[in-house]
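# Per-entry structural report
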Amino acid sequence: MKRWAVEQNSPLSKIASLLHTMRKIGYDGLPLCAKTLLGTNRDKVELDVLGEGTFMYIGIENNLCRRDFDFLQSSNNVTLDVGIDGLQLTRSSKTCLWPILGALVDHPKVGPFLIACFQGNSKPPNPDDFLMSFCNEVTNLRENGIKVGSNEVIKQFRVRSFTCDSPARAFVTGVMSHSAKNACPKCICTSEKHSFPVSVGIAQTDESFKNRQDISHHRLEYKNKETVLESANFGMVSQFPLDPMHLVDLGVMKKLLNLLISKSNLSVMNKKLQFLSKFVPSEFSRVARDFNELSNWKSTEFRPFLLYTGIFVLKGCSSEDRYYHFLLLHTGIRLLCIERSNNIGINIADQILQEFVKLFSTLYINERINFNLHGILHIADCVRQFGPLDNFSAKSWV
Ligand SMILES: [Zn+2]
């Protein structure tokens, strides 16, 4: 019943009314209060002023000490992925939220929970104040373990990775934004005339990051100083995989489609997409809108196009060269999505994607290799470390 109430997004008053009716007709195993049914946290949360905004810290242990997490009492340990992102609440105001979310690595079906949140008219004033409470708690949990479930059983605790889009990652790690010359978080390279190299440079590691080997990569205030995340001994390179949702779906696939669609093929491509929409199974969260709406497409529209429908829609609607080039991206990413992938498959995908980036600069000579295209060169490495793309994609958080 709880799952039904959450999925239907029912108002509390409606749920309470239903609970009362059920009690009247003889179901006495359910509570009468909607908040009790949903397990709403009733602890008072204090709000702090942070810069010109408001900050609320709920905490990791506070979340996991609830009855909902009793299943963790039989786990060997607790491993967490952390998601950080900035979200604009409405298009008509500057108000934005910067949540810090947690997700249990070994229990992917359990949805993410809120650890902390900043609300203001811009991003938090600096990453240190924003992440100080989080780092303090993680340091404590690493040393003393975390209490889980209503019986407060203590388990070992660690954070596996951070999922962020490029602006959020640059902000929390204290490095230059993705439009800067030395923006790549995974290798030491420099963009020329806003175009990144088509091959990887010397690998950036946690040690080279700490030693400031590529000093231009770091923001001015952190060239000689560590962020709180770095001081809390997080791997500033190894624990920040590139996010496939922003990098591949909303980044490279969107750019490629904008280049592949023209007035001459728009109508045929729309018809093909419309034809396919009749066969989209219910497991897909959304049927893609036509290409006139491309600027508003969500990642859930780009992703099926890349993985499934694109090979049909683009066939005969672009030059052979460009179709073959799209197939490289399609094949490389499909291989990296396989749940039981092995090193051979990942190595093949890696070679295919390296070829894709090199060919891009040949086929689209007036286009720059932007941050996302260069990032494709590193995505197979992230799969080697964290498993299939879905294991570390921001799509799991939305
Ligand atoms: Zn790089």
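Notes on the structure follow. Keep in mind the model is a prediction, meaning the values are calculated, not measured. (Residues numbered from 1 in each chain as written. Predicted model: local features only at pLDDT ≥ 70, side-chain atom pairs only at ≥ 80, totals over all residues. Heavy atoms only, no water.)

## Describing the overall build of the protein
A tally of helices and strands in the protein yields 14 helices and 10 strands. Against the globule reference of 21 Å for 398 residues, the protein gives a C-alpha radius of gyration of 23 Å, in line with a compact fold. Viewed in the frame of its principal axes, the protein has a C-alpha envelope of about 65 × 55 × 45 Å. Taking all 398 residues of the protein together, the buried fraction comes to 46%. Of the contacts formed within the protein by residues at least 6 apart in sequence, a portion of 64% connects residues at least 24 apart. Counting only carbon and sulfur atoms, one obtains 51% of the accessible surface of the protein, whose full area is about 20,700 Å². (Helix = DSSP H or I, 4+ residues; strand = E, 2+ residues; numbered from the N terminus. Rg over C-alpha atoms; globule rule 2.2 N^0.38 Å. Buried < 20%, exposed > 50% of the residue type's maximum accessible area, 1.4 Å probe, protein only. Contact = heavy atoms within 4.5 Å. Areas by Shrake-Rupley, 256 points an atom, 1.4 Å probe, with all protein chains shown as cover.)

## Considering a nonpolar patch on the surface
A cluster of nonpolar side chains, contributed by F275, F279, I311 and F312, occupies part of the molecular surface with about 380 Å² of accessible area. Position of F312 relative to the elements: it lies in helix α11 (residues 299–313). On the accessibility criterion, F312 (37% relative accessible area) is partly exposed. (Patch = residues over 30% accessible without salt bridge, like charges linked within 9 Å, V, L, I, M, F, W, Y side chains within 5 Å. Salt bridge = Lys/Arg side-chain N within 4 Å of Asp/Glu carboxyl O.)

## Comments concerning the coordination of the zinc ion
Donor atoms from the polypeptide that bind the zinc ion are C184 (SG), C187 (SG), H374 (NE2) and H378 (NE2), placed at 2.1 to 2.2 Å. Considering all four donor atoms around the zinc ion, angles at the metal cover 102 to 118 degrees and the coordination shape is tetrahedral. Relative accessible area serves as the criterion here: at 1%, H374 is assigned to the buried category. (Donors = N, O, S within 2.8 Å, 3.2 Å for Na, K, Ca; no water. Tetrahedral: all angles 85-135°; square planar, octahedral: opposite > 155°, others 65-115°.)

## Here's the deal with helix α5 (residues 127–144)
If you check α5, its first and last C-alpha atoms are 25 Å apart, about what 18 residues at 1.5 Å a residue would give, namely 26 Å. Its maximal kink placed at S133, α5 deviates by approximately 35 degrees. Looking only at α5, the buried set comprises P127, D128, F130, L131, F134, C135, E137, V138 and L141. Looking one or two residues past α5, G145 carries a phi angle of roughly 85 degrees, positive in sign. (Expected span 1.5 Å × (residues − 1). Bend = angle between axes of the 7 residues up to and from the residue.)

## Overview of the environment of S150
The residue S150 is located in the loop between β7 (146–148) and β8 (153–163) in this model. A C-alpha to C-alpha distance of 8.7 Å links S150 and L64, two positions 86 residues apart in sequence. With sequence-adjacent residues up to four places away left out, S150 is seen in contact with C65, R66, R67, D70 and Q73.

## Description of the pairing of strand β6 (residues 113–120)
Of all eight residues in β6, six are buried, a share of seventy percent or more. Sheet topology places strand β2 (residues 53–57) next to β6; four bridges connect them, and they run antiparallel. Its bridge partner being in β6, F55 is matched across the sheet by F118. Here strand β5 (residues 96–104) pairs with β6 via seven bridges, running antiparallel. Residue pairing in the sheet places G102 in a bridge with F113 of β6. (Pairing = 2+ DSSP bridges.)

## Some words on the layout of surface pockets
The computed volume of the largest pocket comes to approximately 1,100 Å³. Residue lining of the largest pocket: 37 residues in total, with R303, D390, N391, K395 and S396 positioned closest to the centre. Listed by contribution, the elements that provide at least two residues to the lining of the largest pocket are β5, β8, α9 (244–260), α11 and α12 (320–337). In terms of residue count, the dominant contributor to the lining of the largest pocket is α11 (six residues). In the lining of the largest pocket, the residues fall into 17 nonpolar, nine polar and 11 charged. (1 Å grid on protein atoms, 1.4 Å probe; cavity = no way out; pocket = protein on both sides within 12 Å on 5 of 7 lines; lining within 4 Å. Points joined across faces, edges and corners; volume = space filled by probe spheres on them. Nonpolar A, V, L, I, M, F, W, Y, C, P; charged D, E, K, R; others polar.)

## Here we look at the packing of helix α10 (residues 263–277) against α11
Relative to each other, α10 and α11 sit at 130 degrees, their axes nearing to 9 Å. Judged by the angle between their axes, α10 and α11 are oblique. Taken as a pair, α10 and α11 cross one another with a handedness that is right-handed. For the pair formed by α10 and α11, the contact residues are M269, K272, L273, F275 and L276 on the first element and T309, F312 and V313 on the second. Of the residues assigned to the contact of α10 with α11, the class counts are six nonpolar, one polar and one charged. (Axes fitted to C-alpha atoms, helices over the stretch in contact; angles between N-to-C directions. Parallel < 35°, antiparallel > 145°, perpendicular 65-115°, else oblique. Left-handed = near helix turned anticlockwise from the far one by under 90°.)

## A word on the pairing of strand β3 (residues 77–84)
Taking burial as the measure, the eight residues of β3 include seven buried ones, the bulk of the element. By the bridge criterion, seven bridges tie β3 to β8 in an arrangement that is parallel. Directly across from L80, in β8, lies its bridge partner V159. In terms of strand pairing, β3 meets β5 through five bridges, oriented antiparallel.

## As for the side chain of N265
One can find N265 in helix α10. When its relative accessible area of 6% is taken as the criterion, N265 is described as buried. With sequence-adjacent residues up to four places away left out, N265 is seen in contact with L260 and C317.

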